[in-house]
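Geometric and topological summary
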Amino acid sequence: MFQVASLDTTKHRVNFSRGGFQEARGGTIGQNYYFVENVKEELDAPGEFYLDTDNHRLYVFSETSPAGLTVQAPMLESLIQFRGSMKDPVKHVVLFGVTFRHTIPTFLDSYEPPPSGDWAIHRGGMIFMDGAEHVTIEGCSFDQPGGNAVFLSNHAKYCNVIHNDFADCGDNSVAAVGSTMYMDGTEDTQPSYNLIANNHMHGVGIYGKQTSMYFQAIAHHNTIRDNVMYRGPRAGVNFNDGFGGGSVMAGNLVFNVVRETRDHGPFNSWDRQIFYTKDSSGEYTAEPEINHIANNFMINHNYGPGHPNSDKLVDHDDGSSAYIDTDNVLIYGGIKIRDGNRRHSSGNLIMFAEPHNKSFDILPPCFLGPMGAKVHALYTEKSDSFSNNTVILQGGLFITIRDGWTAMNFPNLESNHYYTPGNDTTPFHVMGYNKTITKLEEWQNEGFDKVHFHYCNYR
């Protein structure tokens, strides 16, 4: 997003004054679509407006007479702020049953890229907490915040965001973002032990496109439970990094997201940087605790206009480590792991991972870094697994294995159930591992899925 400085009609050039800092990874903009606002000549549909700041005049395209119009002009970015400190936090406050409506857009304010991920974020919100404990937001309505709705910043602990309705947020519905001193995260300046539960989250990314219903970065041991999430440009839930670990995403319904990209899925994670932290027992460690993705119902499909859905539904990208994915129902998408270690998927029902038909996508355990240097996973032994899952595909690839894996560190695959309705010619298909496998027997001869394996071809 950019602010227009001037228009050169002779050279057909638009000159920008500022902008382009709302994302962490840059990209070309020349071939993208543009949406321009506040152009007087483009007033041709009800609801559109033009603000003439020089003459202090507002033009509105309306089918109603001016006497019947209500014009609301938001003036504030934040409506309530809780600001304390680690030693003296704001405590034991409850916001119950309040409607918060219409704050200003923040996309031309300052943004920061948290380390380890792809996104940038504005540290602000309709409700903002920094130095807060045991604050509860319950039964509230957040209607069209111009930026983030609820922002948990730095020392925000034991807070509850429960039973709320979030509609048409400019950026994220709920964001939890901490800070560190480079790799040192031993100070208590990260959102932790917060509960985000039983919320109705529909419509995010009206302005910002690197946005989710729940986003966390430099945060740990948070629980995202029993929420309904839909209508967003990117992932419904995004873990920017692996800081500390110990977070839980459970019992959520997530669908109709990833509408404006094919990069990642309804759940996305990254983890490209090691942090030095304290674990739940107070011990110093560089190894995050396990995150749990469990009992979620996620559908990787766009209902309405948007980009075709991606081939990933649970996307553990770029070094994502320490995840257990259990008992999820995953429709139209599979599970991907890339780099990293300690990813275990079991008890999941994976159905119709279309259009690419990949139930388990295994990318290399190393990738090219600066100057072509290879960055390897911390673990060289088998630390990943895909077991006791039920996979139903209409045809295509059950398993996709990218180059770079060896027998030493290849994930354990066993006791899975594979079903291919009406597919007699290629009932089992695996691509990669230096060969293409089209028969179950070949797959088992490679040492996989030998224990209690069940296969069924049905129509």
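Shown above is the structure to which this text applies.
Since the structure is predicted, the reported quantities are computational estimates derived from the model, not experimental observations.

**As for empty space enclosed by the protein**
For the structure shown, the criterion picks out 2 cavities of 30 Å³ or more. As a volume, the second largest cavity reaches approximately 40 Å³. What lines the second largest cavity is Gln 216, Ala 219, Phe 239, Asp 241, Gly 242, Phe 243, Gly 245, Ser 247, Asn 291 and Tyr 323. Its residues placed into classes, the lining of the second largest cavity shows 4 nonpolar, 5 polar and 1 charged.

**Some remarks on the pairing of strand 2 (residues 13-19)**
Looking at chain direction, strand 1 (residues 2-8) and strand 2 are connected through 6 bridges and run antiparallel. Looking at the pairing, Gln 3 lines up with Arg 18 of strand 2. The loop that links strand 1 with its antiparallel partner strand 2 comprises 4 residues; one of these, His 12, has a positive phi angle of about 55°.

**Considerations on the nonpolar core**
Counting residues in hydrophobic clusters, the biggest one holds 54 residues, and the most contacted among them are Phe 142, Val 150, Phe 166 and Phe 267. Every element with two or more residues in this core is listed here: strand 8 (127-138), strand 10 (150-157), strand 13 (174-177), strand 19 (237-239) and strand 27 (312-316). With near-sequence residues (within four places) excluded, Phe 166 lies in contact with Phe 142, Ala 149, Val 150, Val 161, Ser 173, Val 174, Asn 199, His 200, Met 201 and His 202.

**Topic: the pattern of salt bridges**
With the rule as written, the count across this model stands at 14 salt bridges. Here Arg 101 makes a salt bridge to Asp 143, at a shortest N to O gap of 2.9 Å. Highlighted residues: Arg 101 in strand 7 (residues 99-101) and Asp 143 in strand 9 (residues 141-143), separated in sequence by 42 residues. Of the residues examined, Arg 101 reaches a relative accessible area of 46% and is grouped as partly exposed. Take Asp 143: its relative accessible area is 17%, and that puts it in the buried class. Among the salt bridges present, the one from Asp 318 reaches Arg 338, with a minimum N-O distance of 3.5 Å. Remark: Arg 338 occurs in the loop between strand 30 (334-337) and strand 31 (343-346) and Asp 318 occurs in the loop between strand 27 and strand 28 (323-326); sequence separation between them is 20 residues. The class of Asp 318 is buried, set by a relative accessible area of 15%. Overlapping salt bridges, with partners in common, bring together Asp 118, Arg 272, Asp 318, Arg 338 and Asp 339 in one network.

**A word on the packing of aromatic side chains**
With the rule as written, the count across this model stands at 16 aromatic pairs. Seen from their ring centres, Phe 100 and Phe 142 are 5.2 Å apart, and the 20° between their planes marks the pair as stacked. One end of the pair, Phe 100, is in strand 7; the other, Phe 142, is in strand 9, with 42 residues separating them in the sequence. With respect to burial, Phe 100 and Phe 142 carry one shared label: buried. Seen from their ring centres, Phe 142 and Phe 166 are 4.7 Å apart, and the 5° between their planes marks the pair as stacked. In this pair, Phe 142 is assigned in strand 9 and Phe 166 in strand 12 (residues 165-167), connecting sequence segments 24 residues apart. Accessibility assignment for this pair places Phe 142 and Phe 166 in one class, buried.

**Re a nonpolar patch on the surface**
Judged by side-chain polarity, Phe 2, Val 4, Leu 7, Val 14, Phe 16, Tyr 34 and Val 36 come together as a nonpolar surface patch covering roughly 670 Å² of accessible area. No other element matches strand 1, which puts 3 residues into the nonpolar patch. Within the element layout of this structure, Val 36 appears in the loop between strand 2 and strand 3 (49-52). In this structure Val 36 comes out as exposed when scored by relative accessible area, which is 62%.

**Remarks on unusual backbone geometry**
Residues other than glycine seldom take positive phi values, yet Ala 322 does so here, at roughly 65°. Mapped onto the fold, Ala 322 is located in the loop between strand 27 and strand 28. Under the relative-accessibility criterion, Ala 322 is labelled buried at 0%.

The rules we used
Residues numbered from 1 in each chain as written. Predicted model: local features only at pLDDT ≥ 70, side-chain atom pairs only at ≥ 80, totals over all residues. Heavy atoms only, no water. 1 Å grid on protein atoms, 1.4 Å probe; cavity = no way out; pocket = protein on both sides within 12 Å on 5 of 7 lines; lining within 4 Å. Points joined across faces, edges and corners; volume = space filled by probe spheres on them. Nonpolar A, V, L, I, M, F, W, Y, C, P; charged D, E, K, R; others polar. Pairing = 2+ DSSP bridges. Helix = DSSP H or I, 4+ residues; strand = E, 2+ residues; numbered from the N terminus. Core = buried A, V, L, I, M, F, W, Y, C linked by side-chain atoms within 4.5 Å. Buried < 20%, exposed > 50% of the residue type's maximum accessible area, 1.4 Å probe, protein only. Contact = heavy atoms within 4.5 Å. Salt bridge = Lys/Arg side-chain N within 4 Å of Asp/Glu carboxyl O. Phe/Tyr/Trp six-rings, centres within 6.5 Å; stacked < 30°, edge-to-face > 60°. Patch = residues over 30% accessible without salt bridge, like charges linked within 9 Å, V, L, I, M, F, W, Y side chains within 5 Å. Areas by Shrake-Rupley, 256 points an atom, 1.4 Å probe, with all protein chains shown as cover.

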